[in-house]
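Residue strings, one per chain:
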Amino acid sequence: MSSIDVSQGIHTNVFLGVGVFLVVLPALFVATRFAGSAKLGKQLKTADWLSLVAVILLAGTLANFILIVKALSSSSTSVLYLVQLVAASGPVAASTTWAAKAPILFLYIQIFGVKSWLRIVSYVTLAFTFLWLLGWNIWLLYESVPRGVITPMFLADSAHSGSVAGVASGAVGLAADIVIFVIPIPVIWKLHLPRAKKIGLLVVFLTGLLAVVASAIGVYFKQLSLSGTSTDIKAAMILTLIELSIAIIVGCVPAMATFWTSFIIESGIYSMITSVFSRVSLPRSTRSKKSQRSTHRENTSEDGINAEGHTYDVLDDGNSAMRPARSQEQSITAISLQEFERSKTTI
């Protein structure tokens, strides 16, 4: 087979570097997820194990893409080998897609499972995406199996089948991302929490918007491929990796709070940084406190006099109502209104 020019578009070394980064980054998020659970002695859930499976499958997807790029650039590659690689890329990417998105839905079930409608929507989304991706990839494998002599017509049909399956899988992946993005919003907004905390929770879960954008761009490129428009194959592969990587990361974002409180806050580096910031802000705050004490000493209020931390409460002889109790740390002396007037004259 004559080699296909894959030097156009993204450079191969750049493709390899970006691809490795897009595998390592979500792997770090999954590692922090496991580390936080281990630190607190929490039992690992289905979502945790699925996120690990998703990272492994993501690494397999990258390996498959690298083999395809090398096969396309080599003149010694057999047609059958290339067809097998392309046929394998569909099921591997589809499995990664489901394993990457499923942990988010399992997390919703775990956190918001008391809401029956959310639980039903999550389970339906899980089941539908699994069956949809499985069905399309079984069909793709069937269409990619050579029956007799491999002809140019067979290669063209196999490529077209791969594009159709890619668009179909991408469309349902995009729909799943939209469902994942939308369903937690009404539940979080109805929680009895301060508005600031509600917004904070929404920001955490709305990171799924990144997955929606990545999926939409991926579907667009797959549609271009289906329509016969020439596209940079390495750019399309990177977009697929970005979509899958973001999906894994989004599923791990809620678990980052556990890692932060379990490791970062307790670390010596965090203590050192907070100590440095405290020393930097101390002179300013000390001057402010000294200024407040000076002003407080110079001014005499209607309620009393403060001298060296000792408070004198002024009691009107004509009014015997008890005043609110002050802090026990303050020493309080009650004086009459006449004595108060005399002390002012003396001062």
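Residues numbered from 1 in each chain as written. Predicted model: local features only at pLDDT ≥ 70, side-chain atom pairs only at ≥ 80, totals over all residues. Heavy atoms only, no water.

Attention now goes to the overall build of the protein chain. Across its full length, the protein chain carries twelve helices and three strands. A burial count over the protein chain gives 35% of its 347 residues as buried. Sequence-distant contacts, at least 24 apart, represent 69% of the contacts inside the protein chain between residues at least 6 apart. Only carbon and sulfur atoms are counted for the fraction: they give 66% of the accessible area of the protein chain, which is about 20200 Å². (Helix = DSSP H or I, 4+ residues; strand = E, 2+ residues; numbered from the N terminus. Buried < 20%, exposed > 50% of the residue type's maximum accessible area, 1.4 Å probe, protein only. Contact = heavy atoms within 4.5 Å. Areas by Shrake-Rupley, 256 points an atom, 1.4 Å probe, with all protein chains shown as cover.)

Our focus in this paragraph is the nonpolar core. With 25 residues, the main nonpolar core has Phe 15, Val 30, Leu 58, Met 237, Leu 241 and Ile 248 as its most contacted residues. When contributions to this core are tallied by element, the ones reaching two or more residues are α1 (12-39), α2 (46-73), α3 (79-112) and α9 (233-252). No other element matches α2, which puts nine residues into this core. Those residues within four positions of Val 30 in sequence are excluded, and the remaining contacts are Ser 51, Leu 52, Val 55, Ile 248 and Cys 252. Listed in part, the 18 residues of the second largest apolar core include Phe 112, Ile 188, Leu 202 and Val 250. (Core = buried A, V, L, I, M, F, W, Y, C linked by side-chain atoms within 4.5 Å.)

With that settled, the discussion passes to the environment of Leu 44. As for its position among the elements, Leu 44 is in the loop between α1 and α2. Residues Leu 44 and Phe 34, ten residues apart in the sequence, show an inter-C-alpha distance of 7.8 Å. For Leu 44, the contacting residues outside a window of four places in its chain are Phe 34, Ser 37 and Trp 49.

If you walk through the whole model with that rule in mind, you get two salt bridges. Between Arg 33 and Asp 48 there is a salt bridge; the shortest N-O distance is 2.6 Å. Of this pair, Arg 33 sits in helix α1 while Asp 48 sits in helix α2, and the two are 15 residues apart along the sequence. (Salt bridge = Lys/Arg side-chain N within 4 Å of Asp/Glu carboxyl O.)

Judged by side-chain polarity, Ile 120, Val 124, Phe 128 and Trp 132 come together as a nonpolar surface patch covering roughly 390 Å² of accessible area. Mapped onto the secondary structure, Trp 132 falls in helix α4 (residues 116-144). (Patch = residues over 30% accessible without salt bridge, like charges linked within 9 Å, V, L, I, M, F, W, Y side chains within 5 Å.)

Turning our attention to the confidence of the model for the protein chain. Per-residue confidence for the protein chain averages 74 on the pLDDT scale, and 68% of its residues sit at or above 70. Within the protein chain, no element has a lower average pLDDT than strand β2 (residues 310-315), which sits at 41, and none a higher one than α2, at 90. Note that pLDDT drops below 50 for residues 298-336; the model gives that stretch 51 contacts with residues more than four away or on any other chain. (pLDDT = per-residue confidence, 0-100.)

Moving on, we get to the side chain of Thr 129. The topology assignment puts Thr 129 in helix α4. The exposure class assigned to Thr 129 is buried, which follows from its relative accessible area of 9%. A polar atom in the side chain of Thr 129 sits 3.3 Å from the side chain of Trp 98. In this structure the side chain of Thr 129 is engaged in a polar contact, spanning 2.7 Å, whose partner is the backbone oxygen of Thr 125. (Polar contact = N/O pair within 3.5 Å; in protein donor to acceptor, adjacent residues only side chain to side chain.)

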